[in-house]
Every structure is written in C-alpha cells, then in structure tokens.
Amino acid sequence: MNNTYYQSLIDTAKAILEENWVGTHTKPSFFLYPHQWNWDSGFISVGYSSYMQKRAQQEIYTLFAGQWKNGMVPQIVFDPDSLGGYFPEPGFWQTEKSGLVKEGKLTSGITMPPVHATVCRKIFERAKDKKESEIFLENMYPKLKRFHEYLYRYRDPKQEGLVYIRHPWESGVDNSPTWDKPLKSIKVDKSKLPPYERKDLSKGVPKEQRPTDEEYDRYVFLVDLFRRLNYDDIAIDAESPFKVQDILFNSILNRANKDLIFIADIIGEDSSDISKLASKTTASMQKKLWNRKQGIFNDYDLYNDNEIGVETASGFLPLYSGDATVKQAKKLYKYLESASFCAMHQGNCFSVPNFNMMHEEFDQVNYWRGPIWINMNWMLYHGLKSYGFREKAMSVMEDILELVRLYGFREYYDPYKGMGYGTNSFSWTAALFIDTVYEMDYPEEVIM
Ligand code: GLC
C-alpha cells in the first residue's frame, strides 16, 4: 500500500487542515477547540511539512509570537475573533497580571509539551526551499532555546534534569489516570472556587467521554492559584500543590533537546549547555522514573514526594526520545506487546490504548483514560522503529491508517470497537495521517 491507495483520504485530511486554518494558524477543531494550541500546532506542522513548507513555518511562527517574556510558550494562544466558545478564556486566566505576556497577545498561563524543536528539524529536513528553511531555523533557534531554558530554570527546583508540570493540562493528556492521586490530594473548598461554567459539554460530546466535574474543580483551583500569584514562577513553585515530573513531558523535551542540538549544528551555534542538560535528563529518567517491577516508566509526584505507579502509554515514550537503555527498551517492548496494551496478534483490539486495558478503571470511551490517540501512536511508531522493533512499529503505524480509514478523522478512538469519539475533523489526526502515509513513501533515516 502506498500514497496512491490512500489518496482520497489524504485529500480529505488536507481539506480538514484547510478548513481549520484561519490565515495565521490552524485550530485543533473548528468548534470544540477554536484557538491555537501549543503541541497541536507542532503535530499539525509535521503534517504540513511534507507538502506546504511555508504553512508549516507559519504555524510555528504564530505560536511563538505568543511566547512569554520569560521564555514560556503558552498552552493556548487565543484568537480574538473566536472568543466566547471555550472555557477558560482570557477573562478567566487574567494573564495580563503576570507582566510577561507580549503586547497585544491573549494567552493562557501554563505551557505544554515542547515538541517544537523536533518539528522545526523535520520542516528543515523536508524543505524544498533549503535557504528559506535555514533562515527559519536561525529565527527559531533562540526562541526554542529560551523555551527549554525556561523549563529547566523554573521547573526543575532540585536540578535533577527532570522538569515538572504544574497543571494536568500542561501534559496534554488532561484527565489521564496518572493525575488521579495528585489531584485527589488537593483539598478544594467549593465555596471558595471562583464561579465558572464548562463549555465542553455543550458541544455535543457525551459527558462520559470528558473529564468529571470534580476534576474540573481542581483544574480551576490551580488556575485560580496561579492568577492570584500573578503567574510568578517562584511563588507558584513555593505554593502549588501540583508538581509532577511527567514522563511524557520529559521524553518530549529530551527528544526536542537532541533536535535543538542538531539545529544548532546546522546554523553554527554552540549547544554545549543543552547537551549537558540533555544528558542529565537521560540519566535521571533512566534512574528515577523507571519502574523496574512493571517494566515501564512512571511519573513522579514532587509535591507529595512519591512515585505515581500508573501505567499509561506515556510510560513508553522514552522509546521516542531515545532515552531508554537497551535493557529497558526490551522490557518496554514486552509490556507494550501484551494484552495490557493490545498485542499485535490479539485480534480483538487496536493499539495503542492510552491506559492499561487490564486495569479495573480502564475506560474505553473516556478521553485519556483508555482510548487511542493518533499523536501517541505516531510518537510510539517512531520510537519503536528507532529501537529496531520493526514489526511492532509497523503494526502501530497500520493502526493509525486503519482507524482513520474505517472511522474518520476523529479526536480519539475506542481500542476495542475502533469507532471514533470526541470531535470530528480533528487537525492533528489529519496532519499525522498525512505524515504517516508520506513516511511510507519517503521513510526517514533512523535518527537515534
Ligand atoms: C484537549 C487535549 C489536548 C489538546 C487540546 C486541543 O485538551 O487533551 O492534548 O491539546 O484538546 O486539541
């Protein structure tokens, strides 16, 4: 099978991106997510990179135009023309109190997984106009570097080489079961919470596919804390009851560190400081976040000082970042290739479910508590391939293609039934589908 076989789906994917493109950036989905989202834009640019270099670059430029003065790239850059349909929007975030938001920009006050150096490298490698892509790298390098430096400066208090997230939304896997324990330990007095109204439930997505009200209360509690502290990183570090060294976030960061070093080499910059940080991150991941008993990586709750022993697809991402030792990689493979995460020849499921299917709380329809997400498959496909697990890599890739072929460009998919949930015409599903088909025709070199 090749590009031709999938041509009509590629056409649909491109049409979805076109429909969600608003002239400066691409909405993740037209109604449910009407602004610009941080890691979405990264994945979306990967899709554009194979056929529209300028658009791929523009997507990233627009996102980074919202970069804060301290280097943080916000989770959401709001589109002033699309306000009113999402919660929380600028009036709730009140990020102007920080003094860190650029003039004329409206953003949320937290960040997201830093996929962008990896994406910029991809854009460069695929560029038709090499000269322009070099200028793009030159423009982006200092911004990317400041983002990574922000993370190590403010999110790694013990200088372990592991950065923490301060809100579940920063991970991108909003209601993953990983957050249950740290969130439950936050005592919320409902009478003191600012009034708010969820908007996600009025957009046609069933309640059972979305986070609960209890979770939302805690999401809001944290945002309220940050805005009361005027988004001061030091004050938040001292007061926030949610600080998690997330394996997904750190894997994506370290993959991006390596790609930042690659970019520095291309444009003749010195990246020795990033190299040092990257090695430290690798070592700490291998040591602190490895769960030897289960054969998977876990998150660490810095606030409560304990391991979060919950097995989700995030725990395999050191394959994507190249940070698992060979021994760890073999164990990861064994666990990934088991009934817990839908083994290859099982026949009754698609891979990769976001949560251990054998767990009593596995939920095949609920958002990040069971369903398959195409961006996770995409990262795992690349990771498996780079470690030489070719058959499994192909099977994870085939499930990207099959899920889309059978059930459309959905936000997430049921690992048993395949059928799609959440929003339709989801941008990163479209973009990464385009990339996956492109990869079949023009496979990348093994980069690790
Ligand atoms: C949801 C997802 C998050 C994504 C956003 C926009 O909040 O959990 O990962 O970035 O939607 O698509």
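Look up a bit, the structure's there.
### Comments concerning the site of the ligand
- Around the ligand, the neighbouring residues are Pro28, Tyr33, Trp37, Trp39, Asp40, Met112, Gly172, Asp174, Tyr367, Trp368, Phe426 and Trp428.
- Take Tyr367: an N or O atom from its side chain is 3.2 Å from an oxygen atom of the ligand.
- Within the side chain of Trp368, an N or O atom sits 2.9 Å from an oxygen atom of the ligand.
- Here the ligand has 310 Å² of accessible area as a free molecule, and 98% of this is covered by the chains.
- Counted by class, the shell around the ligand contains nine nonpolar, one polar and two charged residues.

### Considering the packing of aromatic side chains
- For the coordinates displayed, the defined rule picks out 39 aromatic pairs.
- Ring centres of Tyr333 and Phe389 lie 4.5 Å apart, and the angle between their planes is 10°; on these two criteria the pair is classed as stacked. With Tyr333 in helix H14 (residues 326–336) and Phe389 in the loop between helix H15 (374–386) and helix H16 (390–407), this pair connects stretches of sequence that are 56 residues apart.
- A cation over an aromatic ring shows up here: Arg166 above the ring of Phe226, its NZ or CZ 5.9 Å from the ring centre.

### A short note on the environment of Ser321
- You can see Ser321 is positioned in helix H13 (residues 318–321).
- Considered as a pair, Ser321 and Leu248 are 73 residues apart in the sequence and their alpha carbons are 9.7 Å apart.

### As for the side chain of Ser271
- Residue position: Ser271 is located in the loop between helix H11 (247–267) and helix H12 (272–288).
- Accessibility expressed as a relative area gives 7% for Ser271, which makes it buried.
- In contact with Ser271, not counting residues within four places along its chain, are Tyr141, Ile261 and Ala264.

### Comments concerning H12
- With 17 residues, H12 extends 24 Å from end C-alpha to end C-alpha; this agrees with the ideal 24 Å at 1.5 Å per step.
- Elements in contact with the buried residues of H12: helix H6 (130–154), H11, strand E4 (290–291), strand E5 (296–297) and H13.

### Notes on the pattern of salt bridges
- Scanning the entire structure with this criterion turns up 28 salt bridges.
- The partner of Asp180 in a salt bridge is Arg369, with the nearest N and O atoms 2.7 Å apart. You can see Asp180 sitting in helix H8 (residues 180–184) and its partner Arg369 sitting in the loop between H14 and H15, a full 189 residues away along the chain.
- Accessibility expressed as a relative area gives 16% for Asp180, which makes it buried.
- According to the relative accessible area criterion, Arg369 is buried, its value standing at 11%.
- A network of salt bridges, in which partner residues are shared, links Arg198, Asp200, Lys207, Arg210 and Asp213.

### Focus: a nonpolar patch on the surface
- Taken together, the side chains of Leu406, Tyr407 and Met419 define a hydrophobic patch exposed on the protein surface, amounting to about 240 Å² of accessible area.
- With respect to the helices and strands, Met419 occurs in the loop between strand E8 (412–413) and strand E9 (420–421).
- The exposure class of Met419 is partly exposed, given its relative accessible area of 34%.

### Regarding the sheet that holds strand E6 (residues 299–301)
- With respect to topology, three strands assemble into an open sheet ordered E3-E6-E7, the strand pairing being antiparallel. A strand with exactly one partner marks an edge of an open sheet, and here the two such strands are strand E3 (244–245) and strand E7 (306–308).
- As judged from the three bridges shared by E6 and E7, these two strands associate in the antiparallel manner. Note on E7: the bridge partner recorded for Asp301 is Asn306.

### Looking at the environment of Gln159
- Examined against the element boundaries, Gln159 turns out to sit in the loop between H6 and helix H7 (168–171).
- Along the sequence, Gln159 and Gln58 sit 101 residues apart, while their C-alpha atoms lie 34 Å from each other.

### Some points on a negative patch on the surface
- A surface patch of like charges, here negative, comprises Glu134, Glu138, Glu269 and Asp270.
- Of note, Asp270 is situated in the loop between H11 and H12.
- Classification of Asp270 by relative accessible area gives exposed; the value is 55%.

Reading the values: rules and limits
- Residues numbered from 1 in each chain as written.
- Predicted model: local features only at pLDDT ≥ 70, side-chain atom pairs only at ≥ 80, totals over all residues.
- Heavy atoms only, no water.
- Near = heavy atom within 4 Å.
- Polar contact = N/O pair within 3.5 Å; in protein donor to acceptor, adjacent residues only side chain to side chain.
- Areas by Shrake-Rupley, 256 points an atom, 1.4 Å probe, with all protein chains shown as cover.
- Nonpolar A, V, L, I, M, F, W, Y, C, P; charged D, E, K, R; others polar.
- Phe/Tyr/Trp six-rings, centres within 6.5 Å; stacked < 30°, edge-to-face > 60°.
- Helix = DSSP H or I, 4+ residues; strand = E, 2+ residues; numbered from the N terminus.
- Lys NZ or Arg CZ within 6 Å of the ring centre and 35° of its normal.
- Buried < 20%, exposed > 50% of the residue type's maximum accessible area, 1.4 Å probe, protein only.
- Contact = heavy atoms within 4.5 Å.
- Expected span 1.5 Å × (residues − 1).
- Salt bridge = Lys/Arg side-chain N within 4 Å of Asp/Glu carboxyl O.
- Patch = residues over 30% accessible without salt bridge, like charges linked within 9 Å, V, L, I, M, F, W, Y side chains within 5 Å.
- Pairing = 2+ DSSP bridges.
- Lys, Arg positive; Asp, Glu negative; His and termini not counted.
- Charge placed at Lys NZ, Arg CZ, Asp CG, Glu CD.

Take it as geometry only, folks, not as evidence of what the structure does.
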